[in-house]
Amino acid sequence: MDPLSRRSFLKAAGPAVAAPCFVPRRRRAARPAAVSSANGLVSVEIAVRKMLEGVPPVDAAVLGVEPVENDPDDMTVGYGGLPNADGIVELDSCVMDGRSGLAGAVACLRNIKNPAQVALQVMRRTDHVLMVGEGALQFARMHGFTEENLLTEKARKAWVAWRERLSDKDDWVDPEENGEFGKDFVRTTGTIHVGCVDANGDVGGCTTTSGLAFKIPGRVGDSPLIGCGNYVDNEVGVAGSTGRGEAVIVTNGGHRVVGYMADGKSPTDACLAALRDVVRFTKVQRLLRADGRPDFQVKFYAINKAGEIGSAALYPTRYARATEAGAELADAAALFEG
Ligand code: ASP
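Residues numbered from 1 in each chain as written. Predicted model: local features only at pLDDT ≥ 70, side-chain atom pairs only at ≥ 80, totals over all residues. Heavy atoms only, no water.

(A) Focus on the overall build of the protein. Per the secondary structure count, the protein includes nine helices and 13 strands. Across the 338 residues of the protein, 57% fall into the buried class. Here the analysis covers contacts within the protein between residues at least 6 apart in sequence; of these, 64% occur between residues at least 24 apart. (Helix = DSSP H or I, 4+ residues; strand = E, 2+ residues; numbered from the N terminus. Buried < 20%, exposed > 50% of the residue type's maximum accessible area, 1.4 Å probe, protein only. Contact = heavy atoms within 4.5 Å.)

Next comes the structure, spelled out in structure tokens:
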């Protein structure tokens, strides 16, 4: 029996961070292996299972993220993602395949809840890498993707609450009671990245997101940009990111992490080195805390070709990882405490 099939609790668990931790029997590098942001515990389990069935790493990553894209309760990805400033959900995603050296991506894609699948089609069925907006939607329609309203009631209420309290100088009024998004409402951030290496040492990765909540319409983050939110070099490994996309874009974060692994660093050390670069690039006052540290979070995830898994973030957080032995949440290395 496939060892993963006994993990029935993982199959039952949604992609929520609160899913129970499982300690794998083995901790040494093992292939196949998958790494993800903490909302991807179910994703890494699926990705490893699919690779064991012979599915290529890039496809395994896309299949892994699918339940998270479909989950209305994950307000950072796919269906139910928080909308842009106009209340419209715009999704970003990219995929990269180490074996072929090809990539596909979509940005500002509306009405399609699985942008990672569309990105995979861009990679497989065009000679392009990145398609945006209306063109990306036309392309998705052409390939039979179903359009639907991605704005759930929960996300719509969060948008209204944000809009009403944006300024005290406009005509929108912040009602005394804002229902479940009352005084404690915080702008959710998040994304899912899944990186995979299979038993042959082939590598693939996928990142998918609704992007920064209430972003200016048309804003594109790091997630659909090859070399930023996701990067694969089949000779080295895969790396991806979540968190403040602008900081990852200006540092080409994913590419940088893979570059550090190519120089011989372990996946976690490579993530930490790239985070030091993020800090070095963060100079303007509005992005800094009183103690001079970045006033935002960036998280990197990486696996090398050998199957060693790592993750690090500016501030403490968790991530998901899986091998044939099982899936678990683990603490990421942190550049700074709290
Ligand atoms: N990286 C995403 C973006 O900038 C957001 C996030 O991961 O929180 O669009």
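(B) A look at the pairing of strand β7 (residues 230–233). Looking at chain direction, β7 and strand β8 (residues 237–243) are connected through four bridges and run antiparallel. By the bridge assignment for β8, Y231 is matched with A239. Linking β7 to β8, which pair antiparallel, is a turn of three residues. (Pairing = 2+ DSSP bridges.)

(C) Just the sheet that holds strand β13 (residues 333–334), in detail. The sheet built from five strands is open, its strands ordered β7-β8-β9-β10-β13 with mixed pairing. Every interior strand has two partners, whereas the edge strands, β7 and β13, have only one. With respect to the sheet, helix α9 (residues 267–281) is in contact with β9 (298–304), β10 (309–313) and β13, its orientation differing from that of β10 by roughly 25°. (Axes fitted to C-alpha atoms, helices over the stretch in contact; angles between N-to-C directions.)

(D) Examining α9 more closely. An ideal rise of 1.5 Å per residue puts 21 Å on 15 residues; α9 measures up with 21 Å between its terminal C-alpha atoms. Along α9, the residues that are buried comprise P267, A270, C271, L272, A273, A274, L275, D277 and V278. Where the residues of α9 are buried, they touch α7 (245–251), α8 (253–262), β9, β10 and β13. (Expected span 1.5 Å × (residues − 1).)

(E) The arrangement of the site of the ligand in detail. Taken together, T189, G190, T191, G211, L212, R219, G221, D222, S223, T242, G243 and G245 make up the full set of residues near the ligand. Side-chain polar atom of D222 to a nitrogen atom of the ligand: 2.7 Å apart, as the coordinates give it. Measuring from a nitrogen atom of the ligand, one finds a backbone N or O atom of G243 at 2.6 Å. Alone, the ligand offers 270 Å² of accessible surface; in the complex the protein occludes 99% of this. Its residues placed into classes, the shell around the ligand shows one nonpolar, nine polar and two charged. (Near = heavy atom within 4 Å. Polar contact = N/O pair within 3.5 Å; in protein donor to acceptor, adjacent residues only side chain to side chain. Areas by Shrake-Rupley, 256 points an atom, 1.4 Å probe, with all protein chains shown as cover. Nonpolar A, V, L, I, M, F, W, Y, C, P; charged D, E, K, R; others polar.)

(F) Representation of the sheet that holds strand β6 (residues 203–209). Strand order in the open sheet formed by eight strands is β4-β3-β2-β6-β5-β1-β11-β12, with mixed pairing between adjacent strands. Looking along the sheet, the strands with just one partner apiece sit at the ends: β4 (130–132) and β12 (326–331). Going from strand to strand, the sheet's axes swing by 10° on average, the running direction of each strand aside. Pairing between strand β1 (residues 33–37) and strand β5 (residues 192–197): four bridges, direction antiparallel. What sits directly across from V35, in β5, is G195. Contacts between helix α2 (residues 41–52) and the sheet are confined to β1, β5, β11 (318–323) and β12, with β1 contributing the most and set at about 160° to the helix. Against the sheet, helix α3 (residues 57–70) touches β2 (91–97), β5 and β6, its axis set at about 25° to β6.

(G) Up close: the confidence of the model for the protein. Overall, the prediction assigns the protein a mean pLDDT of 90, with 88% of residues at 70 or greater. Residue range residues 1–27 is modelled with pLDDT below 50. Its contacts to residues more than four positions away, or to other chains, number 56 contacts. (pLDDT = per-residue confidence, 0-100.)

(H) Summary view of the side chain of D97. Tracing the backbone through its elements, the reader meets D97 in strand β2. Here D97 occupies a buried position and makes no salt bridge, while the nearest side chain of opposite charge, R99, is found at 5.0 Å. If near-sequence neighbours (up to four positions away) are discounted, D97 is found in contact with V58, L102, M123, V203 and V232. (Lys, Arg positive; Asp, Glu negative; His and termini not counted. Salt bridge = Lys/Arg side-chain N within 4 Å of Asp/Glu carboxyl O.)

(I) Layout of the pattern of salt bridges. Counting across every chain of the model gives 18 salt bridges. Between E53 and K50 there is a salt bridge whose closest N-O contact spans 3.5 Å. A salt bridge links K113 to E148, with the shortest nitrogen-to-oxygen separation between them at 3.9 Å. Taken together, the residues span a long stretch of sequence, with K113 in the loop between β3 (102–109) and α4 (115–125) and E148 in the loop between α5 (133–142) and α6 (153–164) at a distance of 35 residues. Classification of K113 as partly exposed rests on a relative accessible area of 24%. Classification of E148 as partly exposed rests on a relative accessible area of 28%. Look at the salt bridges and you will find they share partners, linking E134, R141 and E147 into a network.

(J) Broad picture of a nonpolar patch on the surface. Taken together, V129, L130 and V132 make up a surface patch of nonpolar side chains, about 230 Å² in accessible area. Along the chain, V132 turns up in strand β4. Residue classification places V132 among the partly exposed residues on the basis of a relative accessible area of 47%. (Patch = residues over 30% accessible without salt bridge, like charges linked within 9 Å, V, L, I, M, F, W, Y side chains within 5 Å.)

(K) Broad picture of the packing of α3 against α4. Taken N-terminus to C-terminus, the directions of α3 and α4 make an angle of 155°; their axes are 8 Å apart at the nearest point. Relative to α4, the element α3 lies roughly antiparallel. Residues V58, D59, V62, V65, E66 and E69 of α3 lie in contact with α4, whose contacting residues are P115, A116, Q117, L120, M123 and R124. In the contact of α3 with α4, the residues fall into seven nonpolar, one polar and four charged. (Parallel < 35°, antiparallel > 145°, perpendicular 65-115°, else oblique.)

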